[in-house]
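# Coordinate analysis (summary)
So you can see what is in the structure, the chains are spelled out below.
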Amino acid sequence: YGGLKPDAVVLVATIRALKSHAGIASANLKDPNPKAVADGLPNLEKHIENIRHFMLVPIVAINKFSTDSEDEITVVTDCCKKLGVE
């Protein structure tokens, strides 16, 4: 409605949210689980697909928490690289 035409979209993701999308109970979201992060990636991938549908450039920012393991972060960054997303 405002006539705004963005050049990019910053999509903020958390490891906790990706694990939650994989069906991990909230009580267990702090436990390292790279497989659950990978299982939750289709949610992030769909958001990227939707952003690209509008001819916008998606950028993924990981809102890092102290409980996030390096292996979990690598799962997300590898996925983004595979999709050509910074």
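First things first, this report covers the structure right here in the doc. By convention here, each chain's residues receive numbers from 1 onward along its written sequence. In keeping with the model being predicted, local features are shown solely for residues with a pLDDT of at least 70 and side-chain atom pairs are shown and tallied solely at 80 or more, while totals for entire chains, interfaces and linings include all residues. The side-chain numbers reported here are obtained from all heavy atoms of the structure, hydrogens and water having been left aside.

As a further point, take the state of the cysteines. In this description, a disulfide is simply a cysteine sulfur pair whose atoms lie within 2.5 Å. The tally for this structure, following the rule as stated, stands at zero disulfides. For the unlinked cysteine C79, the closest cysteine sulfur is that of C80, found at 5.5 Å. Remark: exposure states derive from per-residue accessible area (1.4 Å probe, protein chains only) relative to the maximum for the residue type, with buried under 20%, exposed over 50%, and partly exposed in between. By relative accessible area, which is 6% here, C80 ends up buried.

Our focus in this paragraph is a nonpolar patch on the surface. Residues V10, V12, V57 and I59 make up a contiguous nonpolar surface patch of about 340 Å² in total accessible area. Broken down by secondary-structure element, the contributors of at least two residues to the nonpolar patch are strand 1 (8-13) and strand 2 (57-62). Elements are defined by DSSP. Helices are runs of H or I of four residues or more, strands are runs of E of two residues or more, and each kind is numbered from the N terminus. Along the chain, V57 turns up in strand 2. The partly exposed category is assigned to V57, whose relative accessible area is 49%. Patch membership requires more than 30% relative accessible area and the absence of a salt bridge. Residues of like charge join within 9 Å; the nonpolar side chains Val, Leu, Ile, Met, Phe, Trp and Tyr join within 5 Å. For every accessible area listed, the method is Shrake-Rupley and the probe measures 1.4 Å; residues are considered covered only by the protein chains on display. Within this document, salt bridges are pairs made up of a side-chain nitrogen of Lys or Arg and a carboxyl oxygen of Asp or Glu, the two lying within 4 Å of each other.

A few words now on the pattern of salt bridges. Evaluation of the coordinates by the stated rule reveals three salt bridges. Between K46 and E49 there is a salt bridge whose closest N-O contact spans 3.2 Å. Here K46 pairs with E49, and both are found in helix 2 (residues 34-53), just three residues apart, close to one helical turn. Using a relative accessible area of 48% as the deciding quantity, one classes E49 as partly exposed.

Across soluble globular proteins, nonpolar side chains show a tendency to be buried alongside one another. Counting 16 residues, the largest nonpolar core has L44, V60 and V76 as the members making the most contacts within it. Looking at this core, the elements with two or more residues in it are strand 1, helix 1 (15-21), helix 2 and helix 3 (70-83). The biggest single contributor to this core is helix 2, with five residues. For this analysis, residues touch if any pair of their heavy atoms sits within 4.5 Å. Setting aside its immediate chain neighbours within four residues, V60 contacts L11, A13, L44, I48, C80, V85 and E86. Only buried residues count toward a nonpolar core. Its members are Ala, Val, Leu, Ile, Met, Phe, Trp, Tyr and Cys residues joined through side-chain atoms within 4.5 Å.

Quick look at unusual backbone geometry now. Phi is positive for M55, which is not a glycine, with a value near 60 degrees. Accessibility expressed as a relative area gives 75% for M55, which makes it exposed.

In a pair of packed helices, the angle between the axes and the distance between the axes together describe the arrangement. To get an axis, a line is fitted to the C-alpha atoms, and for a helix only the part in contact is used. The angle between two axes follows their N-to-C directions and goes from 0 to 180 degrees. Packing of helix 2 against helix 3 leaves a shortest axis separation of 10 Å and a crossing angle of 35 degrees. Note on packing geometry: the crossing formed by helix 2 with helix 3 is right-handed. Listed contacts from helix 3 to P34, V37, A38, L41, L44, E45, I48 and R52 of helix 2 are D71, E72, V75, V76, C79, C80, K82 and L83. The sense of a crossing depends on the near helix, which, turned anticlockwise from the far helix by less than a right angle, makes the crossing left-handed and, turned clockwise, makes it right-handed.

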